[in-house]
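One letter stands for each residue in the lines below.
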Number of protein chains: 2
Amino acid sequence: MPQVKVTASAPCSSANLGSGFDTLAIALDAFHDRVTISDHDGFKLTGEGIPLDPERNTAGLAAIALLDELGLERDIEIRIEKGVPKGLGLGSSGASAAAAVKALDAYFGLGLTQEEMIGYAMIGEIASSGSPHPDNVSASIIGGLVLVTHDDDLRASRINISGDYRFLVAIPDLFTENKTRAARQMLPRSIPLDSYSKALGRTASLIAGLMSGNRNLIRVGMNDDIVEPSRISLFPYYYDMKRMALANEAVAAAVSGAGPSILMVCDEMSDMDSIRAGISEIFSRYNITGRVIEARMSGGAFVEGSPVSD
Amino acid sequence: MPQVKVTASAPCSSANLGSGFDTLAIALDAFHDRVTISDHDGFKLTGEGIPLDPERNTAGLAAIALLDELGLERDIEIRIEKGVPKGLGLGSSGASAAAAVKALDAYFGLGLTQEEMIGYAMIGEIASSGSPHPDNVSASIIGGLVLVTHDDDLRASRINISGDYRFLVAIPDLFTENKTRAARQMLPRSIPLDSYSKALGRTASLIAGLMSGNRNLIRVGMNDDIVEPSRISLFPYYYDMKRMALANEAVAAAVSGAGPSILMVCDEMSDMDSIRAGISEIFSRYNITGRVIEARMSGGAFVEGSPVSD
């Protein structure tokens, strides 16, 4: 028996982490999307500041995929409350899709596995990027640092990290319509062999560093010569900001997703006040307004009122 | 004051581990090269079955680089005893260079860091591959699983792994002169973007799996679509052997270095007897003679008669 009303919440996330293009993402507690499912006569999508055509809405697309696949009636209202700012590289569409699937799972008592939830939620990503990319949705559903591999089938694994990191996210007011799609088109179509092996070493270094708490390995591992430079026009202040952050002992810095937000990883050695001030100064220099948010790593999507596991 | 005579020993190694092209290698205790430095009037290189022109010998090249850089007299004899079979993907040239540098360090009492030793030893690799590749020499010097990154400068890090793995190495009698150089020329010059992100995920998976003891992550992580297929003519039996090993619950399998040897990672779930038998059967089917060696992960190069640290 469906419950009358279920609300799920899913955190934002930051994908790529420098070298880990399309394969790594981390859930952050900076912002959450909430999705409420309730009884309704027919299918209805509600919310403010979002497209209400289900085919153009990540939560709607994910929900329809799930309902149709499982043969469930579309007699529900899906109410979306956007907490994650859109188009800024914080996995906004993934968070909506994750919250929708998590809420539907609870509403219908489906008992879906995390892999199944990711499968439905990533279909929602088609609405924003034109293709189903699982990194942000995986982080929003599972929480923590998530590794996505694409072998025989998609697999998303949470990677346990050592160390207690704080994150500063520099968020400029630079909304671009259809940014994710445009950012995909900026990518190189092929990667020279030397850059390839260099990138493999960095991704290995990032994982080894995060798992062992070695900040030097993390710093090297979050560098990238392939994806970030190809999109630099979306975040021209990036290298200035990264240089400033590292000079103030940030562990590492990278573009968050396809930008324009920048993620800075900090630990007890980092001078976070100076980094905050530096971000503001750099935004000013580039004639951009923006803000800085401090975040921690977040657990995954959860149903409100239920016990939460991290 | 130089000592009269110093012998150092360095283990063989297996580079790449599937997805970790030019960035990962593991030292194995299957074979060792020994290098003895002793007083001599002038520079002399001795040994059996190896080129004695120092410019064509990895140990000789590494030694000359070290002596010249540090302004040391070339009044030594370098005696090389090859234990690592040559040209079979087991880091033979790297082991010789590693043993030579380790022995020279002790002979002259230089107190070189591991990074410095790797720097000299990799110059020796020019003799075999035409360019200085640090993966095998790093494993032979440091021992264990080694990650090499190429950022501002070369950095080699030992990665601590969880789990007690045994390795089966299938070694065919397929010596090819100048194989390393030829194998480099077979590589693709560029990598499609999709394959790139897939490979990043695999390398991340391999590191996460080895550090956490998760055999599924290791198995996915040791797959490769880029480098191994491009060189398949050097080891046509590879995919048959890999399929057989995985069917017998090997954790994973990959080409060792540029081949033709194949590395199989085994744990307590693996049916090693069946894998051994399967290797022999596959060699026969391909009309190849060969052998199977069982190995453990090895510590790094050491001076004989000195306390050894793992």
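Everything here concerns the structure above.
Note that the structure is predicted; figures quoted are calculated from it, not measured.

All right, on to the packing of aromatic side chains then. Residues and elements named next belong to chain A. By the definition in use, this model includes 10 aromatic pairs over all chains. Arranged with centres 5.7 Å apart and planes meeting at 75°, the rings of Tyr237 and Phe283 form a pair that is edge-to-face. Of this pair, Tyr237 sits in the loop between α9 (227-230) and α10 (238-247) while Phe283 sits in helix α11 (residues 272-285), and the two are 46 residues apart along the sequence. For the pair Tyr237 and Phe283, one class covers both residues: buried. Taken together, the ring pairs in this structure connect Phe235, Tyr238 and Tyr239 into an aromatic cluster.

What follows concerns the sheet that holds strand β11 (residues 290-295) of chain A. Residues and elements named next belong to chain A. Strand order in this open sheet of 4 strands is β9-β10-β7-β11, and the pairing throughout is antiparallel. This sheet does not close on itself; its edge strands, each paired only once, are β9 (252-255) and β11. Shown here is a sheet whose adjacent strand axes are inclined to one another by a mean of 20°, direction ignored. Across 5 bridges, the pairing between strand β7 (residues 166-172) and strand β10 (residues 262-266) is antiparallel. Residue pairing in the sheet places Val169 in a bridge with Leu263 of β10.

Moving on to the pattern of salt bridges. Residue and element names in this part refer to chain A. A complete count under the given rule lists 30 salt bridges over all chains for this structure. We note a salt bridge from Asp164 to Arg296, for which the minimum N-O separation is 2.8 Å. Taken together, the positions of Asp164 in the loop between β6 (154-159) and β7 and Arg296 in the loop between β11 and β12 (302-303) put the pair 132 residues apart, joining distant regions of the chain. The class for Asp164 is exposed, based on a relative accessible area of 55%. Judged by its relative accessible area of 33%, Arg296 is partly exposed. Each of Arg215, Arg219, Glu249 and Asp267 takes part in a single network of salt bridges with overlapping partners.

Moving on: unusual backbone geometry. Going from Gly259(A) to Pro260(A), the amide bond is cis rather than trans, its omega being 5°. You can see Pro260(A) is positioned in the loop between β9 and β10. A positive phi angle is found at Asp22(A), which is not glycine, with a value near 60°. Tracing the sequence through the fold places Asp22(A) in the loop between β1 (5-15) and β2 (24-39). Unlike most non-glycine residues, Asn287(B) shows phi in positive territory, near 55°. Note that Asn287(B) resides in the loop between α11 (272-285) and β11 (290-295). Exposure remark for Asn287(B): the relative accessible area of 73% places this residue in the exposed category.

Take the nonpolar core next. Note on soluble globular proteins: their nonpolar side chains tend to be buried together. Of all hydrophobic cores here, the largest spans 114 residues; its most connected members are Met241(A), Met264(A), Met241(B) and Met264(B). Ignoring any residue separated from it by four or fewer positions in sequence, one finds Met241(B) in contact with Ala170(B), Ile262(B), Met264(B), Ile279(B), Ile282(B) and Phe283(B). In terms of nonpolar packing, the next biggest core, distinct from the first, is built from 44 residues, Ala10(B), Ile118(B), Val146(B) and Val303(B) among them.

Attention now moves to the interface of chain B and chain A. Across the contact, 40 residues belong to chain B and 40 residues belong to chain A. Linking chain B with chain A are 0 salt bridges. Inspection of the region where chain B meets chain A yields 3 residue pairs in polar contact (both at pLDDT 80 or more). If you list the elements that add at least two residues to the side of chain B that touches chain A, you get β5 (145-150), β6 (154-159), β8 (190-192), α7 (193-212) and α8 (215-221) of chain B. If one sorts the elements of the side of chain B that touches chain A by residue count, α7(B) sits on top with 15 residues. Note: strand β8 (residues 190-192) of chain A against β8(B), 3 bridges, orientation antiparallel. Bridging across to β8(B), Ser190(A) finds its partner in Pro192(B).

Moving on: the pairing of strand β10 (residues 262-266) of chain B. All names here are of chain B. Summarising burial for β10: 5 of the 5 residues are buried, a large majority. Side chains Ile262, Met264 and Cys266 of β10 all project onto a buried face; the interleaved residues Leu263 and Val265 project onto the opposite face, where all are buried too. With 4 bridges connecting them, strand β9 (residues 252-255) and β10 associate as antiparallel partners. Each residue of the ladder has a partner; that of Ala253, found in β10, is Met264. In sequence, β9 turns back onto β10 through a hairpin of 6 residues, with Gly257 there showing a positive phi of about 60°.

Criteria and cut-off values
- Residues numbered from 1 in each chain as written.
- Chains lettered and ligands numbered in written order.
- Predicted model: local features only at pLDDT ≥ 70, side-chain atom pairs only at ≥ 80, totals over all residues.
- Heavy atoms only, no water.
- Phe/Tyr/Trp six-rings, centres within 6.5 Å; stacked < 30°, edge-to-face > 60°.
- Helix = DSSP H or I, 4+ residues; strand = E, 2+ residues; numbered from the N terminus.
- Buried < 20%, exposed > 50% of the residue type's maximum accessible area, 1.4 Å probe, protein only.
- Pairing = 2+ DSSP bridges.
- Axes fitted to C-alpha atoms, helices over the stretch in contact; angles between N-to-C directions.
- Salt bridge = Lys/Arg side-chain N within 4 Å of Asp/Glu carboxyl O.
- Core = buried A, V, L, I, M, F, W, Y, C linked by side-chain atoms within 4.5 Å.
- Contact = heavy atoms within 4.5 Å.
- Polar contact = N/O pair within 3.5 Å; in protein donor to acceptor, adjacent residues only side chain to side chain.

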